[in-house]
Amino acid sequence: MGRNAGVLVVEHVAAGLVENNQIAGSVKVFPEIGDSRDALLSMPADTIAAKIAELVLTLGGGASLYAVGVGFPGIIREGVIEESPNLQQIKGFHLREALESAFASNGARVSVRVYNDADATAAGIAATRGVLHKLNRVWTLGSGVGFGRYPWSPGAWEGGHSVVTLDPKENFCGCGGRGHLEGILGYRAMRLRFLDLEPEEVFENAKNGDTRCVDFVTRCHRALAAATATSIHMEGPGPFYLTGPNVNWIDVGTLDRLVHDMVKMSPLQGSRFEVIPTNDDLGVIGAAVNAANAVSA
Ligand SMILES: [Zn+2]
């Protein structure tokens, strides 16, 4: 088996070679730090694919690359991006095929696999902690709310769109659905809810006792606990990791208590939360680990 590479696409593209569940060498990024962070938003799908392939080829694995895994935001099926709310232009695009032919035209026969970005992060957490034999779930808190799991398993797994309230006025989710977790905890949704305050100010004001903000922060925790409780009731207990740019707004102790109130059946007890500071490496490692497993299977 040759070397594997992992790619994570978020607001930017990060790529690295992965050996023994670790990054080998350095992670390369496009657009580079300091360049416009919005470059991907206006980029056509085939240009995004070409940029990803170019970045991977600069890693130096070249012809010896065995598998390349890509973590991409959205619903992915068989290498096709079926839905990607923040990169609409890529909806319906066969990313796996585009990347494999880009590598082939550079003389590299490489197998590519594409995963949801949060699934890649879950695999990276499992791999770096040596818990690849267990069920690992992750919430990523950013503009939207991502849900990932390892082991990878086919399905939509859009846990961020779990319905956590029956209130018909809860309609801030980017997907348009009512009552969704992301409609409460997503950054974009918070901006729509508090037209007079930025999300950062909401959490700051809550610390100072502002009633409206305190109520909202409580609601955020109850919503995340509710979606987690649903996952536990469907798939059983286990560790839930929290990561992403807005993870510092969550109090793990409060979340543990709330879940404890929501999950009472004794075989389903024993879940716990852990915060992992946001970083690209986990998604890069996880995408490569998932791809290498899939290609060798
Ligand atoms: Zn939604």
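Structure report, in brief. All of these numbers come straight from a predicted model, not from anything done at the bench. (Residues numbered from 1 in each chain as written. Predicted model: local features only at pLDDT ≥ 70, side-chain atom pairs only at ≥ 80, totals over all residues. Heavy atoms only, no water.)

1. Some words on the packing of aromatic side chains
Here is step 1: Enumeration according to the criterion identifies seven aromatic pairs in this entry.
Here is step 2: A ring pair is formed by Tyr187 and Trp249, whose centres lie 6.2 Å apart and whose planes are at 15 degrees; its orientation type is stacked. A residue pair is termed long-range when its members are at least 10 positions apart, and Tyr187 in helix α5 (residues 187-193) and Trp249 in the loop between β11 (239-243) and α8 (252-262) qualify at 62 residues.
Here is step 3: Residue classification places Trp249 among the buried residues on the basis of a relative accessible area of 19%.
Here is step 4: Where Phe240 meets Phe273, the ring centres are 5.9 Å apart and the plane angle is 40 degrees; that geometry is what we call tilted. One end of the pair, Phe240, is in strand β11; the other, Phe273, is in strand β12 (residues 272-275), with 33 residues separating them in the sequence. Of the two residues, Phe240 and Phe273, both sit in the buried class.
Here is step 5: Among the aromatic residues, ring-to-ring pairing joins Tyr187, Phe194, Phe203, Phe216 and Trp249 into one connected group.
Here is step 6: Across the ring face of Trp157, the terminal group of Arg149 is positioned such that the distance to the ring centre comes to 4.4 Å. (Phe/Tyr/Trp six-rings, centres within 6.5 Å; stacked < 30°, edge-to-face > 60°. Helix = DSSP H or I, 4+ residues; strand = E, 2+ residues; numbered from the N terminus. Buried < 20%, exposed > 50% of the residue type's maximum accessible area, 1.4 Å probe, protein only. Lys NZ or Arg CZ within 6 Å of the ring centre and 35° of its normal.)

Purely spatial values, then, with no claim about function.
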